[in-house]
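Overview (structure and organization)
Given next are the chains, with one letter for each unit.
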Amino acid sequence: MLDQIHLLAAVTVLGVLEQAYFFLQVIYARRRFGISPPNISGPPEFERIFRAQVNSSEYFPIFVALLWQAGLFFHQGLAAALGLLYLYSRYCYFMGYRASSSERLAPIYFSTGVLWILVAVSALGLLHFFLSHYTGLNVLRLLAV
Amino acid sequence: MLDQIHLLAAVTVLGVLEQAYFFLQVIYARRRFGISPPNISGPPEFERIFRAQVNSSEYFPIFVALLWQAGLFFHQGLAAALGLLYLYSRYCYFMGYRASSSERLAPIYFSTGVLWILVAVSALGLLHFFLSHYTGLNVLRLLAV
Amino acid sequence: MLDQIHLLAAVTVLGVLEQAYFFLQVIYARRRFGISPPNISGPPEFERIFRAQVNSSEYFPIFVALLWQAGLFFHQGLAAALGLLYLYSRYCYFMGYRASSSERLAPIYFSTGVLWILVAVSALGLLHFFLSHYTGLNVLRLLAV
């Protein structure tokens, strides 16, 4: 069973490491700008880093949920590759947002695009499973004829 | 194996789509009220939509975690049905909160109720598994006698 | 299959209950200090409880993701034990932060330490799986020679 999920698990752990990196950036920014918890407001430079972390944290469970459905119901390798692409675009988003609000836009659009592909891939995989499970219809075999 | 999780996977993807809808509402509200990131304060109309999204994001991983434990250890179909009920009540919560703070209350109580049922169902399923796994005691068979 | 995940599932449900407890503390604090949603600012006593909940919510999906990879790819019992340790340290963190900002520090360092051990355990388990899956190399057997 583990060979059907090992790539998904590896990308998940990599995603956790990326989140850890973002959390550390907020801690460093808190020190640099002298903003102690529970405070969360400060100069725009701080608030951009803070919001970049919060946004990435909000998307993390969504990303993991899609990664695993796409990998289990469509194709593990493709899902893992899309996962790596997502993590890379999240890194670009964080670095862009830290520099300026407008530099977050291109990578956030890209990362959202990757998530929509994961949604489509999951939905296709699930649709295929539902059809063959409940109606006995094997779409892939039909297409191959 | 997939036939034991396909309903859970489908409800999970549906939950992701709902989260995407909430994120879009915040983006539209930012444009309408002219509040650019990293800003998160503004008129109550904006803050209600923003908080509704944040609250839904915080509950999303909790919901998914319960959905899967309830589905794996108790009954997939029941867990998926409760999952759909939760997603529907979250939608009502978002729409209610957008209209006024007090209109969020009824659906949030309802959605919390559904989560507690998922907790109870997960706990019962786990209890049953632990009893039969470690003591060989099959509670369901005992009840049937 | 369920006997390979039942301890992980039980710790996950316990983690959800802890999150529920934190959410309730915020609701009680809102009443005590008279801070109605969507407001999130108030006296430091309120903001500390609020931030403790937000921080715990952000770490919850990360914790669950690591718990399951560590349990699936290394050892379920060890992962579950580390999971219980993490949930306990999160409780201490919440109680400490509620008392004062500085009292959150010791338990947050401890809980982060537990998470890093879960990262290490997951990475080791995955490394071992990748090596034996792709190269046929069984590290554990090599060590035993």
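Residues numbered from 1 in each chain as written. Chains lettered and ligands numbered in written order. Predicted model: local features only at pLDDT ≥ 70, side-chain atom pairs only at ≥ 80, totals over all residues. Heavy atoms only, no water.

**Structural notes on the overall build of chain A**
Broken down by element type, chain A carries five helices and zero strands. Of the regular secondary structure in chain A, the N- to C-terminal order runs α-α-α-α-α. On C-alpha atoms alone, chain A measures out to a radius of gyration of 19 Å, which is more than a quarter above the 15 Å that the 2.2 N^0.38 rule sets for 145 residues. For chain A, the spread of C-alpha atoms along the three principal axes comes to 65 × 30 × 20 Å. Out of the 145 residues in chain A, the part that is buried amounts to 53%. Separation of charge centres in chain A, based on 9 positive and 6 negative side chains, amounts to 2 Å. (Helix = DSSP H or I, 4+ residues; strand = E, 2+ residues; numbered from the N terminus. Rg over C-alpha atoms; globule rule 2.2 N^0.38 Å. Buried < 20%, exposed > 50% of the residue type's maximum accessible area, 1.4 Å probe, protein only. Lys, Arg positive; Asp, Glu negative; His and termini not counted. Charge placed at Lys NZ, Arg CZ, Asp CG, Glu CD.)

**A closer look at the UniProt feature "transmembrane region" (unreviewed entry) in chain A**
Residues and elements named next belong to chain A. In this numbering, the UniProt entry assigns the feature "transmembrane region" (unreviewed entry) to residues 7-28, 59-87 and 108-131. The span residues 7-28 is 100% helix and 0% strand, and its two end C-alpha atoms sit 32 Å from each other. Each end of residues 59-87 is marked by a C-alpha atom, and these two atoms are 11 Å apart; helix forms 93% of the span and strand 0%. (UniProt positions renumbered as here; feature names shortened; annotations may be inferred.)

**A few points about the relation of the copies chain A and chain B**
Of the transformation superimposing chain A on chain B, the axial component is 0.0 Å and the angular component is 120°, with the fit at an RMSD of 0.0 Å. The relationship between the two copies is best expressed as a three-fold rotation axis. Among all residues of chain A, the one whose C-alpha sits closest to the rotation axis is P61 of chain A, at a distance of 3.5 Å. When the interface residues of chain A are mapped onto chain B, a mere 8% of them again lie at the interface, so each copy presents a different face. (Least-squares fit on C-alpha atoms with pLDDT ≥ 70 in both. Contact = heavy atoms within 4.5 Å.)

**Here's the deal with the interface of chain A and chain C**
Counting residues at the interface gives 25 residues for chain A, matched by 25 residues for chain C. Each partner contributes to the roughly 2200 Å² buried at the junction of chain A and chain C, and carbon and sulfur atoms together form 78% of this total. Inspection of the region where chain A meets chain C yields zero salt bridges. At the level of elements, α1 (6-33) and α2 (44-73) of chain A are the ones that each hand at least two residues to the side of chain A that touches chain C. The leading source of residues in the side of chain A that touches chain C is α1 of chain A, at eleven residues. Looking at the side of chain A that touches chain C, its residues break down into 19 nonpolar, five polar and one charged. (Buried area = accessible area lost by both parts, 1.4 Å probe. Salt bridge = Lys/Arg side-chain N within 4 Å of Asp/Glu carboxyl O. Nonpolar A, V, L, I, M, F, W, Y, C, P; charged D, E, K, R; others polar.)

**Quick look at the packing of aromatic side chains**
Per the stated rule, a full pass over the model turns up 30 aromatic pairs over all chains. Here F23 of chain A and Y59 of chain C contribute two aromatic rings whose centre-to-centre distance is 4.4 Å and whose plane-to-plane angle is 15°, an arrangement assigned as stacked. Residue F23 of chain A is located in helix α1, and its partner Y59 of chain C is located in helix α2 (residues 44-73); the two belong to separate chains. Just as F23 of chain A is buried, Y59 of chain C falls in that class too. Grouped by ring-pair contacts, the aromatic residues Y21, F22, Y91 and F94 of chain A constitute a single cluster. Directly above the ring of Y93 of chain B sits R90 of chain B, whose terminal nitrogen or CZ lies 4.7 Å from the centroid. (Phe/Tyr/Trp six-rings, centres within 6.5 Å; stacked < 30°, edge-to-face > 60°. Lys NZ or Arg CZ within 6 Å of the ring centre and 35° of its normal.)

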